[in-house]
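A look at the structure
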Amino acid sequence: MSDVLSTIIARRTVYKFQSKAVPKSVLEDAFEAARHAPCHKHTHPWKFYVLGPATRKKLIPAVERLAKLKAGSSTTVSPEVIERARQKMLSPPVMIAVTSKRSADDAFREQEDYAASVCALHNAVLFFWDQGVGCQWSTGGITRDEDLYGALDIVPDSERIIGLLKAGYPESIPSVKKKDVDEIRFYLE
Ligand SMILES: Cc1cc2nc3c(=O)[nH]c(=O)nc-3n(C[C@H](O)[C@H](O)[C@H](O)COP(=O)(O)O)c2cc1C
């Protein structure tokens, strides 16, 4: 089997990470992989913001607010639920906000740019996996929250946060059932 195919097949979304740091050189090569993604009209609509400890700490009030909102009440939510939400922001060794350029006056361009940004994001994810680093692409409430845009100094009319990429060396690797090729591939005459 080719190296590329075996990397693609073996990759899994990882939810639990070791505390071991990911070297900056691995991050830089992941961004190198990202920038070579296919991109119609060469718009290069993607940006990657690596969230350091101070930025993540700044986001804790928003994370707590969203956890309370999700629980449906600010009075009955347990300290464990709040702490779990805080750790989701603080504990991943790497956290990257990925954005895609917006085009308010051109919905098709914005869609094409989103597709290109997803390719860039996944180039990075596959490279990380090749280096033994797992990722979770997250689109939780915080990714649409104005406090995240504020913390990253992003204007929502110009860039859309398409996800937070959490990354680190896996503590465990889940297994997932995918559709068989026979269910998704059709050769037509
Ligand atoms: C657009 C997109 C958004 C996702 N958002 C989340 C998320 O918010 N939380 C999460 O746990 N996983 C999220 N995932 C990961 C999927 O749940 C995961 O890809 C799926 O369970 C299949 O597992 P696999 O990646 O190991 O093949 C997202 C994946 C994609 C493509």
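The structure this text deals with has already been given above.
Attention in this report is confined to the structure presented alongside it. Nothing here was measured: the structure is a model prediction, and the numbers come from that model. (Residues numbered from 1 in each chain as written. Predicted model: local features only at pLDDT ≥ 70, side-chain atom pairs only at ≥ 80, totals over all residues.)

1. Observations concerning helix H6 (residues 107-130)
This is how the line gets drawn: Here a strand is any run of E in DSSP of at least two residues, a helix any run of H or I of at least four, and the numbering for each starts at the N terminus. Expected span of a helix: the number of residues minus one, times 1.5 Å. This entry defines residue contacts through backbone-placed C-beta atoms, with two residues in contact when those atoms are within 7 Å.
Its 24 residues give H6 an end-to-end C-alpha distance of 35 Å, which sits within 8% of 34 Å, the value for a rise of 1.5 Å per residue. On its buried face, H6 is in contact with helix H2 (24-35), strand S1 (46-50), strand S2 (94-101), strand S3 (134-138) and strand S4 (159-168). Gly 132, located one to two residues past H6, shows a positive phi value of around 85 degrees.

2. Description of the packing of helix H4 (residues 60-71) against helix H5 (residues 79-90)
Filter applied, for reference: Lines fitted to C-alpha atoms define the axes, with helix axes restricted to the stretch in contact, and inter-axis angles between N-to-C directions lie between 0 and 180 degrees. Any angle from 65 to 115 degrees is called roughly perpendicular, while one under 35 is roughly parallel, one over 145 is roughly antiparallel, and all others are oblique. Take the far helix as your reference; a near helix turned counterclockwise from it by less than a right angle gives a left-handed crossing, and one turned clockwise gives a right-handed crossing. Here the nonpolar group is Ala, Val, Leu, Ile, Met, Phe, Trp, Tyr, Cys and Pro; Asp, Glu, Lys and Arg are the charged ones; every other residue, Gly included, is treated as polar.
Where H4 contacts H5, the axes come no closer than 9 Å and their chain directions differ by 135 degrees. As the angle between them shows, H4 and H5 are arranged oblique. Considering how the two elements wind past one another, H4 and H5 form a crossing that is right-handed. Of the residues in H5, those touching H4 at Ile 60, Val 63, Glu 64, Ala 67 and Ala 71 are Val 81, Ile 82, Ala 85, Arg 86 and Met 89. Split by residue class, the contact of H4 with H5 holds 8 nonpolar, no polar and 2 charged.

3. Some points on the sheet that holds S2
Just so we agree on the cut-off: In this description, strands pair whenever DSSP reports at least two bridges between them.
Taken together, 4 strands build an open sheet; the order of strands is S1-S2-S4-S3 and the sheet is antiparallel. Every other strand in the sheet has two partners, leaving S1 and S3 as the edge strands with one partner each. The sheet shows a mean angle of 25 degrees between the axes of neighbouring strands, direction not considered. Here S2 pairs with S4 via 8 bridges, running antiparallel. Directly across from Thr 99, in S4, lies its bridge partner Ile 161.

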